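Topology and contacts: notes
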Amino acid sequence: MAKGYWIARVDIHDAEAYKDYVATAAPAFQQFGAKFLARGGRYVPLEGPVRQRNVVIEFESVETAKACYDSEQYQKAAAIRQRCADAEMVIVEGHDA
């Protein structure tokens, strides 16, 4: 089965509140086996608009990635994130190796 990946691009407006998002989201990520491949860090703009923070999270499948997003725990975190940051998020299916 192909892996599923969250790709998120985020501009944080309230860094202190964003810490609450991270703490609230952590149990959902643990429950659904999330593996962070990129989380913030340096980036090189190439084309189009950029955001401050870029995140790539690997899950066992697209279905697992979507279940994490839809989970009650993550939705609590998302409500916090939506108050303190602007984000674009997608789930992308990976290729089997």
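Here is a short report on the structure shown in this document. (Residues numbered from 1 in each chain as written. Predicted model: local features only at pLDDT ≥ 70, side-chain atom pairs only at ≥ 80, totals over all residues. Heavy atoms only, no water.)

Another aspect to go through is the packing of aromatic side chains. Taken as a whole, this structure holds 9 aromatic pairs when the rule is applied. Measuring from ring centre to ring centre gives 5.2 Å for Phe29 and Phe36, while their planes differ by 90°; the resulting arrangement is edge-to-face. You can call Phe36 partly exposed: its relative accessible area is 28%. Ring geometry for Tyr69 against Tyr74: centres 5.5 Å apart, planes inclined by 40°, an arrangement best described as tilted. Assessed through its relative accessible area of 25%, Tyr69 is described here as partly exposed. (Phe/Tyr/Trp six-rings, centres within 6.5 Å; stacked < 30°, edge-to-face > 60°. Buried < 20%, exposed > 50% of the residue type's maximum accessible area, 1.4 Å probe, protein only.)

On to the pairing of strand β3 (residues 53-59). Two elements, strand β1 (residues 4-12) and β3, share 7 bridges in a ladder whose sense is antiparallel. Of the residues in β3, the one forming a bridge with Arg9 is Asn54. With 4 bridges joining them, strand β2 (residues 35-39) and β3 adopt antiparallel strand pairing. Directly across from Ala38, in β3, lies its bridge partner Val56. (Pairing = 2+ DSSP bridges. Helix = DSSP H or I, 4+ residues; strand = E, 2+ residues; numbered from the N terminus.)

Time to look at the nonpolar core. Ranked by size, the top nonpolar core spans 21 residues in total, and within it Trp6, Tyr21, Phe29, Phe59, Cys68 and Tyr74 carry the most contacts. The set of elements that each furnish at least two residues to this core consists of β1, α1 (15-31), β3, α2 (62-70) and α3 (72-84). Among the elements that make up this core, the one with the highest residue count is α1 (6 residues). For Phe59, the contacting residues outside a window of four places in its chain are Lys3, Gly4, Trp6, Phe29, Phe32, Ala34, Thr64, Ala65 and Cys68. (Core = buried A, V, L, I, M, F, W, Y, C linked by side-chain atoms within 4.5 Å. Contact = heavy atoms within 4.5 Å.)

A separate point is the pattern of salt bridges. Applying the stated rule across the entire model yields 6 salt bridges. Between Glu60 and Lys3 there is a salt bridge whose closest N-O contact spans 3.1 Å. Of this pair, Glu60 sits in the loop between β3 and α2 while Lys3 sits in the segment before β1, and the two are 57 residues apart along the sequence. For Lys3, a relative accessible area of 25% puts it in the partly exposed group. (Salt bridge = Lys/Arg side-chain N within 4 Å of Asp/Glu carboxyl O.)

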